[in-house]
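Notes for the structure review
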Amino acid sequence: RLMPLTARRAKPAVPIGGGYRLIDVPMSNCINSGIKKIYVMTQFNSRTLNRHLKNAYDLTSQPGSNGFCEVLSAFQAPETKTMKGKGWFIGTADAVRKFSWKIQVDPMCALVDDVLILAGDHLYRMDYMEFVEHHRARRADITVAAIPVEESKASALGLMRCDEDGRVTAFVEKPKGDKLKAWKVKESTYAALGADDPTVVEEKPFLASMGIYVFKKDLLLKLLREDMPLATDFGSEVLPEALESHNIHAYLFNDYWEDIGTIKSFFKANLALAKRDPRFDFYHGMNKRTGKAAPIYTRSRTLTPALVAGGEFHESILAKGTLVEEGCVVQGSVVGVRSHLEPGVFLKDVLMIGADFYEERDLREEVRAEGKVPLGIGQNTVIENAIIDKNVRIGRNCVLTNERKVQKLKKPEAGYYIDDGIIVFMPGAIVPDGTVI
């Protein structure tokens, strides 16, 4: 659903906020929560993700540390030939099952009682230890993180019902129409779950699963290996079936959370980061339990601060290594690492992911002399309502605004898609001088 952003990278590796990747969110939440025994299961287009994790998260470097961040990639071997999927992961539960032996026999996990299962494509800040402590205090077998949502979002998520003790009584996956309305919850449900303001039910009358769970370790192994050896997904298979015989509780999370599931939601979440008072930012978080700062981390880059020759800037983010020449106007946009804007560029509501390398001035002149397009955005180009992926070359005097309000279009041969009216330029796309979209 994030194509073409995921054409060459796994979804958790998609860049966000000018210099981060989606995987940095759950990784940072773990670190800030004091959880430092982390497995990351990867499969599709995982090269970029694996490299980022290696460069950013060495949890063994501190003397005496017993933490780790280990990538567990899908693999094929003689013993996997008889497995469903022949070794490839075919769902969240299947992925955990295929590496469940690590949880059981790894000496680093010998004293682990509970397993926290996370997604790599959500934007939020959570203290996972509060989640785990809630799970233990309720003596739950499984605990599901839940968030109140409005009707417009509810049909795209898994929903649940709870009793007056906060115990989950039913699940449903992405209900629509009249079936959706039947899943509205009462104010008393939010009160039972410890909501600060149970009247939130008036605006957000549905209780959605966030897709993150705490399992008792022994139960998790039993469910996946013995009770449900063919189940492939936690949300639609494991949890509904486990309801009949196990104590499943909900943990209410009533703070900012965004499921980065579509181009539109990804685009809006990025632009919201540039607002004057954003609901979420990467820098100023605080862990209320510990009283310590809880920023979002990423890999360290040796880049200069952004260099701005002149222009107008309104509620925008300029990442490290950015070069903005004179006369540019940037409004409500995120300009990523190593981006280059030539004189007179106009950006409005643009997410520019950036570049992996620089083209110095002499090289840019050579490229231009050969009739080609240099890296970045050319002089006097106007761009609105667009996502510009990495290493894109956009020429001079272009007008890229989707003036005709096209909602869906695929033009990979021209280097772009349109999704929900948003122009999305593919990695490495080349847009000639004078192009109009």
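Please refer to the structure higher up on the page.
The paragraphs below set out a description of the structure included in this document. (Residues numbered from 1 in each chain as written. Predicted model: local features only at pLDDT ≥ 70, side-chain atom pairs only at ≥ 80, totals over all residues. Heavy atoms only, no water.)

Considerations on the overall build of the chain
- Helix and strand content of the chain: 12 helices and 30 strands.
- In terms of overall dimensions, the chain is globule-like: its C-alpha atoms have a radius of gyration of 23 Å, near the 22 Å expected for 437 residues.
- Relative to its 437 residues, the chain shows a buried fraction of 55%.
- Residue pairs in contact within the chain that sit at least 24 positions apart in sequence constitute 60% of those at least 6 positions apart.
- Carbon and sulfur atoms provide 50% of the accessible area of the chain, an area that totals close to 20700 Å².
- The positive charge centre, built from 59 side chains, and the negative charge centre, built from 57, are 3 Å apart in the chain. (Helix = DSSP H or I, 4+ residues; strand = E, 2+ residues; numbered from the N terminus. Rg over C-alpha atoms; globule rule 2.2 N^0.38 Å. Buried < 20%, exposed > 50% of the residue type's maximum accessible area, 1.4 Å probe, protein only. Contact = heavy atoms within 4.5 Å. Areas by Shrake-Rupley, 256 points an atom, 1.4 Å probe, with all protein chains shown as cover. Lys, Arg positive; Asp, Glu negative; His and termini not counted. Charge placed at Lys NZ, Arg CZ, Asp CG, Glu CD.)

Comments concerning the packing of helix 9 (residues 217-227) against helix 10 (residues 234-242)
- Packing of helix 9 against helix 10 brings their axes to within 12 Å, and their N-to-C directions diverge by 100°. As far as their axial angle goes, helix 10 and helix 9 are roughly perpendicular. Contacts from Leu220, Leu223, Leu224 and Asp227 of helix 9 reach helix 10 at Phe234, Val238 and Glu241.
- Here the residues of the contact of helix 9 with helix 10 sort into 5 nonpolar, no polar and 2 charged. (Axes fitted to C-alpha atoms, helices over the stretch in contact; angles between N-to-C directions. Parallel < 35°, antiparallel > 145°, perpendicular 65-115°, else oblique. Nonpolar A, V, L, I, M, F, W, Y, C, P; charged D, E, K, R; others polar.)

Some remarks on the environment of Gly18
- Note that Gly18 resides in the loop between strand 1 (15-16) and strand 2 (20-21).
- Judged by its relative accessible area of 11%, Gly18 is buried.
- As for Gly18 and Arg338, which are separated by 320 residues in sequence, their C-alpha atoms are 9.9 Å apart.
- Apart from residues no more than four positions distant in its own chain, Gly18 is found in contact with Ala319, Val334, Gly336 and Val337.

Looking at the pairing of strand 27 (residues 408-411)
- Of the pairings in the sheet, the one linking strand 27 to strand 28 (residues 416-419) comprises 4 bridges and is antiparallel in character. Bridge pairing in strand 28 places Leu409 opposite Ile418. (Pairing = 2+ DSSP bridges.)

Points about the side chain of Lys102
- By the secondary structure assignment, Lys102 is in helix 4 (residues 100-105).
- In this view, Lys102 contacts Tyr39, Glu70, Leu72 and Cys109; residues no more than four positions away in its chain are not counted.

A short note on helix 10
- Of all the residues in helix 10, the buried ones are Phe234, Gly235, Val238, Leu239 and Ala242. Relative to the axis of helix 10, the buried residues are bounded by an arc of 105° and lie together on one face. (Arc of directions from axis to C-beta.)

Some details on the state of the cysteines
- Applying the stated criterion to the full structure yields 0 disulfides.
- Cys69 carries a free sulfur, and the closest cysteine sulfur to it, the one in Cys30, is 9.0 Å from it. (Disulfide = S-S within 2.5 Å.)

A closer look at the pattern of salt bridges
- Taken as a whole, this structure holds 19 salt bridges when the rule is applied.
- For Lys216, the salt bridge identified is with Asp141, shortest N-O distance 3.6 Å. Here Lys216 is found in strand 10 (residues 206-216), whereas its partner Asp141 is found in the loop between helix 5 (128-137) and strand 7 (142-149), with 75 residues between them in sequence.
- Owing to a relative accessible area of 35%, Lys216 belongs among the partly exposed residues under this scheme.
- Residue Glu359 pairs with Arg393 through a salt bridge whose shortest N-O separation is 2.7 Å. Taken together, the positions of Glu359 in the loop between strand 22 (346-354) and helix 12 (361-369) and Arg393 in strand 25 (residues 393-394) put the pair 34 residues apart, joining distant regions of the chain.
- Here Arg393 falls in the buried class, since its relative accessible area comes to 18%. (Salt bridge = Lys/Arg side-chain N within 4 Å of Asp/Glu carboxyl O.)

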